Amino acid sequence: MSFKVPRGTQDILPEQTPKWQKVESILRDLSRVYRYREIRTPMFEQTELFQRGVGDTTDIVQKEMYTFEDRGGRSLTLRPEGTASAVRSYVEHKMFGSPDQPVKLSYIGPMFRYERQQAGRYRQFVQYGVEAIGSADPAIDAEVISLAMDVYQSVGLKDLKLHLNSLGDKETRDAHRTALINHFKPSIGEFCSDCQNRLEKNPLRILDCKVDHEHPLMQSAPKLTDYLTEQSSVYFDKVKSYLDVLGIDYEVDPNLVRGLDYYNHTAFEIMSTASGFGAITTLCGGGRYNGLVEGIGGPDVPGIGFALSIERLLLALEAEGIELEVEDALDIYVVAMGEEAKKKSVELLSSFRAKGISADMDYIDRKMKAQMKSADRLGAKFVIVIGETELENGSVKIKNMHTGNEENLQFEELVNYLLENK
Ligand code: HAM
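Quick caveat, the model's predicted, so the values are computed rather than measured. (Residues numbered from 1 in each chain as written. Predicted model: local features only at pLDDT ≥ 70, side-chain atom pairs only at ≥ 80, totals over all residues. Heavy atoms only, no water.)

## Overview of the sheet that holds strand β14 (residues 382–386)
Then, in step 1: Here five strands make up an open sheet; going across it, the order is β13-β12-β14-β15-β16 and the pairing mixed. Every other strand in the sheet has two partners, leaving β13 (359–361) and β16 (406–410) as the edge strands with one partner each. Each strand axis lies, on average, 25° off the axis of its neighbour in the sheet, ignoring direction.
Then, in step 2: For strand β12 (residues 332–336) and β14, the ladder comprises five bridges, and the chain directions are parallel. Residue isoleucine 332 lies in a different strand from β14, and its bridge partner there is phenylalanine 382.
Then, in step 3: Helix α12 (residues 339–354) contacts β12, β13 and β14 of the sheet and is inclined by roughly 160° relative to β13. (Pairing = 2+ DSSP bridges. Helix = DSSP H or I, 4+ residues; strand = E, 2+ residues; numbered from the N terminus. Axes fitted to C-alpha atoms, helices over the stretch in contact; angles between N-to-C directions. Contact = heavy atoms within 4.5 Å.)

## Some remarks on the pattern of salt bridges
Then, in step 1: Across all of its chains, the model carries 26 salt bridges by this definition.
Then, in step 2: When salt bridges with common partners are traced through the structure, they connect Asp59, Lys63, Asp194 and Arg198 into a single cluster. (Salt bridge = Lys/Arg side-chain N within 4 Å of Asp/Glu carboxyl O.)

## What about the site of the ligand?
Then, in step 1: Neighbouring the ligand are 27 residues, the closest being Glu81, Glu115, Tyr122, Tyr263 and Leu283.
Then, in step 2: At a separation of 3.5 Å, a nitrogen atom of the ligand approaches a polar backbone atom of glycine 120.
Then, in step 3: Separating a nitrogen atom of the ligand from a side-chain N or O atom of glutamate 131 is a distance of 2.8 Å.
Then, in step 4: Considering the ligand on its own, with 660 Å² of exposed area, one finds that the protein chains cover 96% of that surface.
Then, in step 5: Elements with a minimum of two residues in the shell around the ligand: β6 (124–133), β10 (282–288) and β11 (303–309).
Then, in step 6: In terms of residues, the shell around the ligand owes the most to one element, β10, which gives six residues. (Near = heavy atom within 4 Å. Polar contact = N/O pair within 3.5 Å; in protein donor to acceptor, adjacent residues only side chain to side chain. Areas by Shrake-Rupley, 256 points an atom, 1.4 Å probe, with all protein chains shown as cover.)

By themselves these figures say nothing about function.
Structure (structure tokens):
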């Protein structure tokens, strides 16, 4: 019997983790700069939170959740996204009572969706997301979008396009909903059974259907933007004007509806336009969710946020041929010949590591040549070889593997030398 990772998941191997860590550190740094403080919520929540938060008629809730019953008979679900959890925590911990509003949160962690596996679509993926809860100022919409754009610019991506739309307020969506029902109803028999179910419950979701997206009625469907109320329109214009102040280019895309139910007003997605990128080009998605906090038991407080997956960010880097500069080198490798030399190596390694100098040695009794090769493979910057002569003299030749330069040093001098030269 041979075991494999579950379908749609992947191991991130030691050769790949430096890249992940680099991206994560850029994300943490941007969160700090924009002051979105990190929140860590559980990997699973009560199932009902997502049913109510993400929406009963969405693909996520209907088809993609990993739901299980625990031994106490409670229905729990591995989180498919982070917004519902962040908002749940905001309500549970009464963050709305804090004098500092909006509450600005960020998170990085695995999310789980039972989706069809394809390039850029996994069943476990790592999302970075932010949520600004407690402000209905269009300037914060622009801040959130600008943070998302900054993420991609910080890693060097260029082939990006920001799609922007307004989903309006309740009045907008009610009018649009009626128009959608009238549009699809006469031909609903030509659509999949999910769409048929959605017609009365939530016709907007039909536009998001992965099965019938090429049906001619999709293109001619009434556009939300044509139903924007005066107030929604003014709000949208303000968001756009702040984006202009920030010099952020966007394309208004009336077909952008997003796949989760909690959105209203601003909705946006950032796409990769790189030629090598696969079929799924969305790197990041987000929007405003006034009403969600109240919907899951809190006060009537507005919010906005976005999420992106690190997997897709890395795919975009690959498509644009960008190599992140990562730190994965070893400062020093100690080659030891004989039992006494090995004792000295163990002692030296400990003194190096105590000063933050990364150091390694052989633990499988290899010959000198094999140890040297190992030092090379590990990318060691310096190598020392300890044998009988070195032990007698109390000194050793330290070789800079990049320049070939060699120096003779007392054992006691090594730490300082490395601290100055590594
Ligand atoms: P979402 O559009 O469902 O929104 O996901 C956001 C991002 O997560 C996508 O743009 C993509 O980068 C990534 N993603 C989603 N599914 C997968 C997958 N199966 N494999 C790899 N990456 C994936 C949300 O999750 C909202 N919570 C975003 C948000 C936050 N809205 C407001 N605040």
